[in-house]
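Here is how the chains run, residue by residue.
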Amino acid sequence: MTVLSILSVVLIVLGLFFFLIGTIGILRLPDFYTRLHAAGKCDSLASVLVICGVALYSLQPFTLANLLVSIKLLLIAVFVFIASPTATHAITEAALVLGVKPWTRGKKKRS
């Protein structure tokens, strides 16, 4: 197993771990805003880690075609890194405008 293979597997497993943490956050947190925060942060990081892991894995064996595939994957990772937090912010702003109330400590958790 080469160093690139090991590094790509580590990145993909880390990405899957953050997807799992984000899913647990969506299920366990009390309201819309905290759930959206967990989903936005973890999904952005997890997606970028998985895509970077796949980009490294696709470099084997090193050819020009594989390099172009990896560059395209890295461009997708940059797009996800920019678009996901922007979408999360837009959804949060829309919820505030529509009057979705944030959870406070004294209130019971909504399911």
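The structure displayed is predicted, hence computed values, not measured ones.

Quick notes on the rules
Residues numbered from 1 in each chain as written. Predicted model: local features only at pLDDT ≥ 70, side-chain atom pairs only at ≥ 80, totals over all residues. Heavy atoms only, no water. Helix = DSSP H or I, 4+ residues; strand = E, 2+ residues; numbered from the N terminus. Rg over C-alpha atoms; globule rule 2.2 N^0.38 Å. Buried < 20%, exposed > 50% of the residue type's maximum accessible area, 1.4 Å probe, protein only. 1 Å grid on protein atoms, 1.4 Å probe; cavity = no way out; pocket = protein on both sides within 12 Å on 5 of 7 lines; lining within 4 Å. Points joined across faces, edges and corners; volume = space filled by probe spheres on them. Nonpolar A, V, L, I, M, F, W, Y, C, P; charged D, E, K, R; others polar. Disulfide = S-S within 2.5 Å. Axes fitted to C-alpha atoms, helices over the stretch in contact; angles between N-to-C directions. Parallel < 35°, antiparallel > 145°, perpendicular 65-115°, else oblique.

We now examine the overall build of the protein. Counting its secondary structure elements, the protein contains three helices and zero strands. Of the regular secondary structure in the protein, the N- to C-terminal order runs α-α-α. Against the compact-globule benchmark of 13 Å for 111 residues, the protein has a radius of gyration of 18 Å, which places it well outside the compact range. Taken over the C-alpha atoms alone, the protein extends approximately 60 × 25 × 15 Å along its principal axes. By residue count, 29% of the 111 residues in the protein fall in the buried class.

This next bit is on the layout of surface pockets. Each pocket or cavity is described by its volume, and for the largest pocket that value is around 170 Å³. Where the lining of the largest pocket is concerned, the elements lending two or more residues are α2 (32-57) and α3 (64-98). Here the residues of the lining of the largest pocket sort into four nonpolar, seven polar and one charged.

For the coordinates displayed, the defined rule picks out zero disulfides. In this model Cys42 remains outside any disulfide bridge; the closest cysteine sulfur is found in Cys52, 17 Å from its own. Taking the relative accessible area as the measure of exposure, Cys42 reaches 12% and is therefore buried. We classify Cys52 as partly exposed; its relative accessible area is 22%.

Below, the discussion takes up the packing of α2 against α3. Viewed as axis vectors pointing N to C, α2 and α3 meet at an angle of 175°, and their least axial separation amounts to 8 Å. In terms of orientation, α2 and α3 fall into the roughly antiparallel class. For the contact of α2 with α3, the residue count by class is 18 nonpolar, seven polar and no charged.

This is a description of form; function is not addressed.
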